[in-house]
Amino acid sequence: MKSTFLSYILLHGEYDKRRGEIDVFEAIKGRRSCRRFLPEAIGNDVIETILEAAVWAPFPANQQSWEFIVIRDKGVIGKIYSHAEVCKKILFEKSGWKWIDTYSLSVLREVPVIIAVVGDPEKTGADRFLEGGGLGYHHACAAAIQNMLLAAHELGLGTLCDTLFDQDVTREILGIDLSKETIAMICLGKTDVDSVQTP
Ligand SMILES: Cc1cc2nc3c(=O)[nH]c(=O)nc-3n(C[C@H](O)[C@H](O)[C@H](O)COP(=O)(O)O)c2cc1C
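Residue indices follow the written sequence of each chain, beginning from 1 at its first position. Totals for whole chains, interfaces and linings use all residues, but because this is a predicted model, local features are given only for residues with pLDDT of at least 70 and pairs of side-chain atoms are given and counted only at 80 or more.

The next point concerns the overall build of the protein. A helix here means a DSSP run of H or I that spans at least four residues, while a strand means a run of E at least two residues long, and both kinds are numbered starting from the N terminus. Looking only at helices and strands, one finds 7 helices and 4 strands in the protein. If you list the helices and strands of the protein from N to C, you get α-α-α-β-α-α-β-α-β-α-β. Counting other C-beta atoms within 10 Å of a residue's C-beta gives its exposure: the residue is buried at 20 or more, exposed at 12 or fewer, and partly exposed in between, where C-beta atoms are placed from the backbone. Per-residue burial for the protein yields a buried fraction of 29% across its 199 residues. Sequence-distant contacts in the protein: of pairs separated by 6 or more residues, those separated by 24 or more amount to 78%. A pair of residues counts as a contact when their C-beta atoms, built from backbone coordinates, are separated by no more than 7 Å.

Looking now at the nonpolar core. By size, the foremost hydrophobic cluster in this structure holds 39 residues, and its most contacted members are Ile 114, Val 117, Met 148, Ile 186 and Cys 187. Elements with a contribution of two residues or more to this core: α3 (44–55), β1 (66–71), α4 (74–95), α5 (107–110), β2 (113–119), α6 (136–154) and β4 (181–189). Counting residues per element, this core draws most heavily on α6, which supplies 9 residues. Not counting the four nearest positions on each side in its chain, Ile 186 is found in contact with Ile 114, Ile 115, Val 117, Ile 145, Met 148, Thr 159 and Cys 161. Each nonpolar core reported here comprises buried Ala, Val, Leu, Ile, Met, Phe, Trp, Tyr and Cys residues connected via C-beta atoms within 7 Å.

Turning our attention to the sheet that holds β1. Strand pairing is assigned whenever DSSP identifies at least 2 bridges connecting the two strands. Strand order across the open sheet formed by 4 strands is β1-β2-β4-β3, with antiparallel pairing between neighbours. Every interior strand has two partners, whereas the edge strands, β1 and β3 (158–162), have only one. Averaged over all neighbouring strand pairs, the angle between strand axes comes to 20°, with direction disregarded. Pairing of β1 with β2, which is carried by 6 bridges, proceeds in the antiparallel orientation. In the strand pairing of β2, Ile 69 is matched with Ala 116. Taken strand by strand, α6 contacts β1, β2, β3 and β4, and its axis lies near 160° from that of β2. The convention used is that axes are lines fitted to C-alpha atoms, helices contributing only their stretch in contact, and that angles between N-to-C directions extend from 0 to 180 degrees.

For Ala 61, which is not glycine, the phi torsion reads 50° and is therefore positive. Along the chain, the position of Ala 61 falls in the loop between α3 and β1. Judged by local crowding, Ala 61 falls into the partly exposed class, with 13 C-beta atoms found within 10 Å.

This next bit is on the confidence of the model for the protein. Every residue carries a pLDDT, the predictor's confidence in it, which falls somewhere between 0 and 100. For the protein, per-residue confidence averages 89 on the pLDDT scale, and 86% of positions sit at 70 or higher. Confidence drops under a pLDDT of 50 for residues 1–5, and excluding neighbours within four residues, the segment shows 11 contacts in the predicted structure. Confidence drops under pLDDT 50 across residues 14–20; counting only partners more than four residues distant or on other chains, this segment forms 3 contacts.

A few words now on α6. Helix length check: α6, at 19 residues, gives a terminal C-alpha distance of 27 Å against a target of 27 Å (1.5 Å per residue), a fit within 8%. Phi turns positive, to about 85°, at Gly 156, one or two residues after α6. The span one expects for a helix is its residue count, reduced by one, times 1.5 Å.

What follows covers the pairing of β4. For a regular strand, the rule is simple: side chains alternate between the two faces of the sheet. Within β4, 8 of the 9 residues are buried, leaving the element largely enclosed by the surrounding structure. The pairing of β2 with β4 spans 7 bridges and is classified as antiparallel. Counted as the bridge partner of Val 117 is Ala 184 from β4. As judged from the 5 bridges shared by β3 and β4, these two strands associate in the antiparallel manner. Paired with Asp 162 across the two strands is Met 185, which belongs to β4.

Its 22 residues give α4 an end-to-end C-alpha distance of 30 Å, which sits within 8% of 32 Å, the value for a rise of 1.5 Å per residue. Those residues of α4 that fall on the buried side of the exposure criterion are Ile 77, Ile 80 and Ala 84. When α4 is viewed along its axis, its buried side chains cluster within an angular range of 50° and face the same direction. Exposed side chains of α4 directed beyond 90 degrees from the buried face belong to Gly 75, Gly 78, Glu 85, Lys 89, Ile 90 and Glu 93. Tucked inside the fold, the buried residues of α4 contact β1, α5, β2, α7 (167–174) and β4. Trailing α4 by a residue or two, Gly 96 shows a phi angle of about 75°, which is positive. The arc in question is the one traced by the directions running from the helix axis out to the C-beta atoms.

This is the structure in structure tokens:
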């Protein structure tokens with residue numbers, strides 16, 4: 001990784017010492033979705049650093065709208081993968097998108113860690129009282145996700161924001177409350193490729 005400054009401040013929390021030196025654009029432009037992961041384990045300290053980046057994201061009305069579930073268990077990851085295969089078939093039939101047939105989900109079998117981002121519609125902020133509102137929790141989760149992707153990138157890890165899942169099945173697999181919603185599954189791990197294979 002070229003720039004390690006974000007990693008440095010996230011790990012040490014010393015924001016003021018080198019303020020102004022961070023190259024945000026480099027990080028934004030350098031991050032790419034990764035669909036091939038090495039099986040190597042990812043340490044808790046790294047996961048904590050990425051989660052810390054997540055919770056620095058903006059959130060509505062002083063309500064942290066998110067929960068994060070760190071999944072390392074191969075059995076659970078296997079269930080997420082099998083379920084994604086079912087969703088892929090549905091998507092293929094309903095969308096008519098021919099490319100889906102060649103889109104491999106092996107990434108979900110290989111990945112060592114998935115962080116499920118779960119949103120709480122109760123914590124959506126002021127817009128719930130307004131016509132057409134109530135999406136604040138989605139926005140907050142999306143901001144947290146981007147922070148995580150960028151932090152992981154700076155730490156030299158690959159990520160993929162996966163949304164190929166059904167809410168009810170995911171609730172069952174992960175034991176998520178009926179009132180909450182899985183916004184995305186963030187696949188995270190080391191990789192030996194630069195990115196690639198946009199479906
Ligand atoms: C809301 C959202 C959902 C996505 N869902 C999937 C997904 O289910 N599977 C997948 O392989 N990529 C998924 N992606 C990743 C996009 O395919 C990817 O970000 C896009 O092709 C641009 O490529 P880049 O991330 O390398 O810049 C998703 C991205 C977003 C923002």
